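Coordinates in review
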Amino acid sequence: MTETTRPADRPADRPAEPPAGHPQPGEFPGGPALFRLDPRVSHLNHGSFGAVPVPVQEAQAALRAEVHADPDAFFIALPDRLEQARTRIAAHLAADPDGLAFIANATEGANLALDAVPLTDGDEILVTDHGYGTVTAAAARRAPVTTVALDPALPDEDAVRETVLAALTPRTRVAVLDHVSSPTARIIASPRLVAELRERGVTTVVDGAHAPGMLADPLATGADFWFGNLHKWGYAPSGTALLAVAPQHRHRVRALVPSWEDGHGFPRSVENRATADYTGWLAAPEGLDLIESLDAAKVRAHNSTLAAHGAALLAEIPGLTPLPHTEGLAMRTLRLPPGLAETPDSARALREEIAARLRIRVLIWPWPGGGGIRICGQIYNRPEEYARLAAALPAYVV
């Protein structure tokens, strides 16, 4: 449908009804009150940027007040306070605090990891066509890449694993894989796949951008290098992520920019950014603490149930096709009809039109033959938000 045939301002649509036999989830008690999100907007895209709960915002504000009150005292004590914060987070993740480092985002993690892998002429890096663009670009800067085409309709983890393994060549030295793929919301770097790559002598670099806070055991892959954002599902302030490195690789990890902490080695050398804003990192444990206080298992179950509810409503729309998914994730995706969102520009335009006209935030991702729509579930969401999307979306996808 073209812009001129779409209604300028659609009236309120009758909410879609859940399919027969599909239970409607309830609201998470007190969930919306923990955030300062605009109530006029349905925020169904938590996976892109996350949202910071009020208690974590307040913890960061208190830390910033400390900086302004006595900068010298704050920065002199900073390395030890970062270690304390990192240790608290490691306890939540069942991780070794000496093998973790605070970083800004997944892309930085990819660059740090790939710089620590010895490569020689002729070596290749395997990536997939589901990979995050800047992470894949980091791989391409360092060696020729082989891109594995993963059909979004692959039925299960075994099919994904077999497709990745079939793409290996004698020159493959590194595999850069999503833990949970951003566009299609499914597990790619399963523990079994990582183990089989290791048996073949391939170093594994896992992009766990969506793992902390959404998965019960985000480090379960056992990868050589793993990085994940805390500012998505971990309720941390923006610009907060982690790099986890297996013991045999830690001595080769070097900060992208030298600092006065280089002599201490990983992880301290990686965390030092001179006179920068570290308050988000120091406040990050508060986000994981909050999830635990709400009962982490209940949070995960609520979010995944809500995403499944929304996907079931959207699946009733003619032309939308549900994609295979990993149970328990708080994101679900559906393919759009052919001709829609086949390029990045057209996907972006459709996403922003839905946001402007409907005040609903979703992810529209591009794909040849028809892009996709991804929705998320979070404790601030309500079932009626998905019903409103399902009622209005047909005008934009036919």
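To start, this report covers the structure provided alongside it.

About the thresholds
- Residues numbered from 1 in each chain as written.
- Predicted model: local features only at pLDDT ≥ 70, side-chain atom pairs only at ≥ 80, totals over all residues.
- Heavy atoms only, no water.
- Helix = DSSP H or I, 4+ residues; strand = E, 2+ residues; numbered from the N terminus.
- Contact = heavy atoms within 4.5 Å.
- Salt bridge = Lys/Arg side-chain N within 4 Å of Asp/Glu carboxyl O.
- Buried < 20%, exposed > 50% of the residue type's maximum accessible area, 1.4 Å probe, protein only.
- Expected span 1.5 Å × (residues − 1).

1. Points about the side chain of Glu196
As for its placement among the helices and strands, Glu196 is situated in helix α7 (residues 191-199). Excluding its chain neighbours within four sequence positions, the residues that come into contact with Glu196 are Arg161 and Leu165.

2. Observations regarding the pattern of salt bridges
Here the structure, examined in full by the defined rule, presents 23 salt bridges. Between Arg173 and Asp123 there is a salt bridge; the shortest N-O distance is 3.3 Å. Of this pair, Arg173 sits in strand β5 (residues 172-178) while Asp123 is found in the loop between α4 (106-115) and β3 (124-128), placing the two residues 50 residues apart along the sequence. Under the relative-accessibility criterion, Arg173 is labelled partly exposed at 35%. When its relative accessible area of 7% is taken as the criterion, Asp123 is described as buried.

3. Looking at unusual backbone geometry
Here the amide bond leading from Phe266 into Pro267 is cis, since omega sits at 5°, within 30 degrees of zero. Its identity is not glycine, yet Tyr235 carries a phi of approximately 65°, on the positive side. Within the element layout of this structure, Tyr235 appears in the loop between β7 (225-229) and β8 (241-245). Looking at Tyr235, the relative accessible area reads 0%, which means it is buried.

4. Remarks on helix α9 (residues 279-293)
Spanning 15 residues, α9 covers 22 Å between terminal C-alpha atoms, matching the ideal 21 Å at 1.5 Å per step. Most of α9 is tucked away, with 11 of its 15 residues classed as buried. Within the sequence span of α9, burial applies to Thr279, Gly280, Trp281, Leu282, Ala283, Ala284, Pro285, Gly287, Leu288, Leu290 and Ile291. Just downstream of α9, Asp295 is the residue with a positive phi angle, here 80°.

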